[in-house]
Amino acid sequence: MTTNAARTVFLLAHTGRPAAIRSAELVVQGLLRNGLGVRVSAAEAADLPLPDTVETVTDTSPSAVDGCELLIVLGGDGTLLRGAEFSRASGVPMLGVNLGRVGFLAEAERDDLDKVVSRVVTRDYEVEERMTIDVLVHSNGDVVHADWALNEAAVQKVSPERMLEVVLEIDGRPVTGFGCDGIVCATPTGSTAYAFSAGGPVVWPEVEALLMVPISAHALFAKPLVTSPTSVLAVEVQPHTPHGVLWCDGRRTVELPAGARVEVRRGAVPVRLARLHQASFTDRLVAKFALPVSGWRGAPH
């Protein structure tokens, strides 16, 4: 079948995993068989058994997906977050296939590859927008770093033997201060990621809110906080404390000197996710964490 140049899908895969290589091969074959074009980065193409009809690009920036209808990502959470960087910058929806463990950002599992191809071919998917956060780092009154995150921005200590002394602020007002291992500022999407591990609440994706979750805080009042999506969260690293580090989605990092201030607010640009299933987030939560629900009888009829 002749390739339909008007419809191109970009494929992003964790080629260090044999399962990803085989999965990529099956997805590419299915898309090409149905007349869709496939684009892959040249670096990943070198590790994949791809036919000559697959387009390869040397560009490693998000502009590599320009003109594509969809971005299909095969891998674990790290690969999916890498795909989110491409999706946010380009506006191209991301469809994740989980080859890792939990994979809350993924819409399908490895056994669903035939279904994924079929739904992409027939455009039988919906696109939803996920809230992001914009992050600014101030030092000595100047903005020294700007970043963003889909899951979370985490301010963390560097020295294992010393706590990070911080003061938390919401909407221009101080809340509390303490020594801790760090602070996680998260989106609802990120509530099942690092914030969850730190003891934060699970927030349904359709809820618009920002989270602030302390990590191992030495204080009586060190509870997770959930604020309005219009709030501005700030973490001030005390001048007398050792320097810290900022991690955004566990992928991008910058050192925080003593006295630095990290501001987090709702992101101006969302990440667009392609959805194949109408299942509720409740069902997804139960499935991902294998929660015990036996004995449930439901509402009386």
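Within each chain, residue numbers correspond to sequence positions counted from 1 in written order. Under the rules for a predicted model, residues below a pLDDT of 70 receive no local features and side-chain atom pairs below 80 are neither given nor counted, while totals for whole chains, interfaces and linings still include all residues. As a rule here, side-chain values cover all heavy atoms of the structure and leave hydrogens and water aside.

Looking at an unreviewed UniProt entry, one finds the protein named NAD kinase, with Streptomyces griseus subsp. griseus as its source organism. What UniProt records for the protein under Catalytic activity (unreviewed entry) is the sentence "NAD(+) + ATP = ADP + NADP(+) + H(+)". UniProt, in its Cofactor (unreviewed entry) section for the protein, records the words "a divalent metal cation". UniProt positions are given in the numbering used here, feature names are shortened, and annotations may be inferred rather than shown by experiment.

So, on to the pattern of salt bridges. Where charged atoms from two side chains of opposite charge approach closely, those side chains can pair. Salt bridges are defined by distance alone: a side-chain nitrogen of Lys or Arg within 4 Å of a carboxyl oxygen of Asp or Glu. The full count for this structure, using the stated rule, is 21 salt bridges. One network of salt bridges, in which partners are shared, links Glu107, Glu128, Arg130, Arg275 and Arg284.

With that settled, consider the nonpolar core. Take the buried Ala, Val, Leu, Ile, Met, Phe, Trp, Tyr and Cys residues and link them wherever side-chain atoms come within 4.5 Å; each set so joined is a nonpolar core. Here's how the labels work: a residue is buried when its accessible area is under 20% of the maximum for its type, exposed when over 50%, partly exposed in between, all with a 1.4 Å probe on protein chains only. Membership of the largest hydrophobic core comes to 29 residues, with the highest contact counts inside it found for Leu11, Leu31, Ile72, Leu74 and Val120. Secondary structure is summarised from DSSP: a helix means a run of H or I of at least four residues, a strand means a run of E of at least two, and numbering begins at the N terminus for each. For this core, the secondary-structure elements that each account for two or more residues are β1 (4-13), α1 (18-33), β2 (36-41), β4 (70-75), β5 (94-98) and α4 (113-121). With sequence-adjacent residues up to four places away left out, leucine 11 is seen in contact with Ala24, Val27, Val28, Val38, Arg39, Val40, Glu44, Ile72 and Leu74. Of all hydrophobic cores here, the second largest spans 27 residues; its members include Ile133, Leu225, Cys248 and Ala260. Any two residues whose heavy atoms approach within 4.5 Å are treated as being in contact.

For the rest of this paragraph, the subject is the sheet that holds strand β11 (residues 164-170). Here, a strand pair is defined by DSSP locating no fewer than two bridges between the strands. In space, the six strands of this open sheet follow the order β9-β8-β19-β16-β11-β12, with antiparallel pairing throughout. Of all strands in the sheet, those bounded by a partner on one side alone are β9 (142-149) and β12 (173-180). Ignoring which end each strand starts from, the neighbouring axes of this sheet average 20° apart. By the bridge criterion, seven bridges tie β11 to β12 in an arrangement that is antiparallel. Note on geometry: axes are C-alpha line fits, over the in-contact stretch for helices, and angles between N-to-C directions span 0 to 180 degrees.

Before going further, it helps to spend a moment on a nonpolar patch on the surface. What goes into a patch is any residue over 30% in relative accessible area without a salt bridge, connected to like charges within 9 Å or, for nonpolar side chains (Val, Leu, Ile, Met, Phe, Trp, Tyr), within 5 Å. In this description, accessible areas are obtained by the Shrake-Rupley approach with a 1.4 Å probe, and a residue is regarded as covered only by the protein chains that are shown. A surface patch of nonpolar side chains, about 360 Å² in accessible area, is lined by Leu291, Val293 and Trp296. You can call tryptophan 296 exposed: its relative accessible area is 71%.

This brings us to the UniProt feature "active site" (unreviewed entry) in the protein. Here, the residues flagged by UniProt with the feature "active site" (unreviewed entry) are Asp77. Structurally, aspartate 77 is set in helix α3 (residues 77-90). Aside from chain neighbours lying at most four places away, what touches aspartate 77 is Gly103 and Phe104.

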